[in-house]
Every structure is written in structure tokens, then in C-alpha cells.
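Examination of the molecular architecture
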Amino acid sequence: MGNRKYGFIILFIFLFVFLFFGYVYLVNRKVQEERLTHDVEVFAKQDFLKDRTFSSSNVYFQYKDVEFLIEKYIDSFYCQYDKVMSYADDKKLTSLLSVSNYLEDGPNFDNSLEYVEEVRNKFNNDINKLYRFSKKDKIIKFSEKSSLSTYYKKIFVSSFTNSSLLLKLQSYDEFFLESENQMNNVFNTIINTLNFLKSNQDNWKIENNEIQFSTEELVNQYNYLVSTVI
């Protein structure tokens, strides 16, 4: 009887300790998740095109890893943004509408037209990738590639979808759309101008480092075409 009594006491103590630490674990998890939510909301107020790190962090252990992964995602977003914006600095694009290129690649402009189409396809592909960062499926795929456990991967995804973070990323889409329209305008202008010169190749020439047309009407058409990009 004595052994059974002591065994019951030990079992009771074990269950008490198990329940106590289980309770502490659940309470701590709740606290950490609330702190993470707070950190994310503060983070979502930042301009990610200028600042991509948490200004304050009140979590630890794997919740800290979730914040690191959020920063990594936002940094990837910025890198893609920077890549898209770099197309506007492509000097070769605007140089296609230069006297030197007219002499080099005219009057058919096969190389120039091929280059514009190549760059435009790359640009459209890259900006579409940029738009994807504000989509839930992109966030889920990003989490799946991480080393976080399944539970914390879900925390990572919910940190976006249940906070202002996703709305913050979506708020950039209008600005990206403006940039997309501007670049496509550049592409279209260059293509239209080169095709104009190609179809009128017998009515223009280069003299004194300037393009000269046979009629005033052609001059006006050419000036109108290039005015939107130069």
C-alpha cells in the first residue's frame, strides 16, 4: 500500500508539473504572439523603399526568427523593386534615338528593334514579379522555402495577412503601375520612331550630325514621336 501511495503522489506531482509548464508555455506563446503582432504593426508604418529592418523587437527564440524572415522578405521585395527601377537608367535605350545609332543601325534598325523588344520582355517579367510580393501565394511560397518549423511558417504568413503589412505592400502597386506605364511608353515610342524611320528610309538623311527630312510633314511627325521620350 505504501508503495502505491508514493507512486500516486509522484504521478500527481508529475501531472502538476506537466500542467504547470504547459500552462506557462501556452501563456508565453500568447505573449510572444501579441508582441510579434505589435512589432509587425510598427514595422508596417515604415517606408520599405528606405527602411527594411524592425525599428523595435520585443520577441525572442523562434519568434525572433519570424521577424528575421519578414525582414528578408521585405529586403527581397526591395531588391526586385531596385531591379525594376534600373531599367529607367538604361542609356542604350534612349541612345537608340540618336544620330550615331541612325548611322550605325539604319535604315532598317533590326538590331535596335530587337534590343527594345528584349528589354521590354525582361522589364515586364520583372515588374510582374514585383507585383507578386503583395500576393498571399507569394508569401506562402517564401515561407515554405525557409527553415522555420510548420507552426512558425504559419505565424509568418499570418503576420502578413492579419496585419497592416500586406496592405502596406499593396499600397506600392499604384506607384509601380505608374512606373510600368512610363517604361512601356518609352518602349513604344522608340519602336514607333524606329519603324517610322524604317518605313520612310528614302525620305531622311544625316547631315551636319542632324537628321534631315524631305518634307515638313515628316519633320513634324518625327518630332511628335520622339518628344515623349527625349
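Everything quoted here is computed from the prediction, not taken from an experiment. (Residues numbered from 1 in each chain as written. Predicted model: local features only at pLDDT ≥ 70, side-chain atom pairs only at ≥ 80, totals over all residues. Heavy atoms only, no water.)

**Observations regarding the side chain of Glu 180**
Structurally, the position occupied by Glu 180 is in helix α9 (residues 173-199). The charged side chain of Glu 180 is buried without a salt bridge, its nearest counter-charge being Arg 120 at 10 Å. (Helix = DSSP H or I, 4+ residues; strand = E, 2+ residues; numbered from the N terminus. Buried < 20%, exposed > 50% of the residue type's maximum accessible area, 1.4 Å probe, protein only. Lys, Arg positive; Asp, Glu negative; His and termini not counted. Salt bridge = Lys/Arg side-chain N within 4 Å of Asp/Glu carboxyl O.)

**What to know about unusual backbone geometry**
A cis amide bond links Gly 106 to the next residue, Pro 107, at an omega of 5°. Here Pro 107 shows up in the loop between α4 (99-105) and α5 (110-132). Of note in this structure, Phe 61 is not a glycine but carries a positive phi near 60°. Inspection of the secondary structure puts Phe 61 in the loop between α1 (2-43) and α2 (62-85). Judged by its relative accessible area of 66%, Phe 61 is exposed. In this structure, Asn 208 is a non-glycine residue whose phi angle is positive, near 50°. Here Asn 208 shows up in the loop between β1 (204-207) and β2 (210-213). The exposure class assigned to Asn 208 is exposed, which follows from its relative accessible area of 76%.

**Points about the pairing of β1**
Bridge count for β1 against β2 is 4 bridges, and the pairing is antiparallel. Pairing of Glu 207 across the sheet is with Glu 210, part of β2. Between β1 and β2, which pair antiparallel one after the other, the connecting turn spans 2 residues, and Asn 208 there sits at a positive phi close to 50°. (Pairing = 2+ DSSP bridges.)

**Considerations on the packing of aromatic side chains**
As enumerated under the stated definition, the model contains 27 aromatic pairs in all. When the centroid spacing of 6.4 Å and the interplanar angle of 75° are considered together, the rings of Tyr 102 and Tyr 222 count as edge-to-face. You can see Tyr 102 sitting in helix α4 and its partner Tyr 222 sitting in helix α10 (residues 216-226), a full 120 residues away along the chain. The pair Tyr 102 / Tyr 222 is uniform in exposure class, with both members buried. Considering the side-chain rings of Phe 142 and Phe 156, the 6.1 Å spacing of their centres and the 25° angle between planes classify their relative orientation as stacked. Note that Phe 142 is positioned in helix α6 (residues 136-144) and Phe 156 in helix α7 (residues 150-161), a separation of 14 residues in sequence. One aromatic cluster is present, built from ring pairs that chain together Tyr 73, Phe 77, Tyr 78, Tyr 81, Phe 133, Phe 142, Phe 156, Phe 160, Tyr 172, Phe 175 and Phe 176. Lying across the ring of Tyr 151, Arg 29 places its NZ or CZ 4.1 Å from the centre. (Phe/Tyr/Trp six-rings, centres within 6.5 Å; stacked < 30°, edge-to-face > 60°. Lys NZ or Arg CZ within 6 Å of the ring centre and 35° of its normal.)

**Side note on the confidence of the model for the chain**
Counting all residues, the mean pLDDT for the chain is 89, and 87% of those residues have values of 70 or more. Across residues 11-27, where pLDDT falls below 50, the model places 0 contacts with residues more than four positions away in sequence or in other chains. (pLDDT = per-residue confidence, 0-100. Contact = heavy atoms within 4.5 Å.)

**Observations regarding the pattern of salt bridges**
Using the criterion set out here, one finds 7 salt bridges in the structure. A salt bridge links Arg 120 to Glu 117, with the nearest nitrogen and oxygen atoms 2.9 Å apart. Taken together, the residues span about one helical turn, with Arg 120 and Glu 117 both in helix α5 at a distance of 3 residues. Given a relative accessible area of 18%, Arg 120 falls into the buried group. With relative accessibility at 31%, the residue Glu 117 sits in the partly exposed group. The salt bridge involving Asp 137 is made with Arg 132; its shortest N-O contact spans 2.4 Å. The class for Asp 137 is partly exposed, based on a relative accessible area of 34%. Arg 132 sits in the partly exposed class, given a relative accessible area of 34%.

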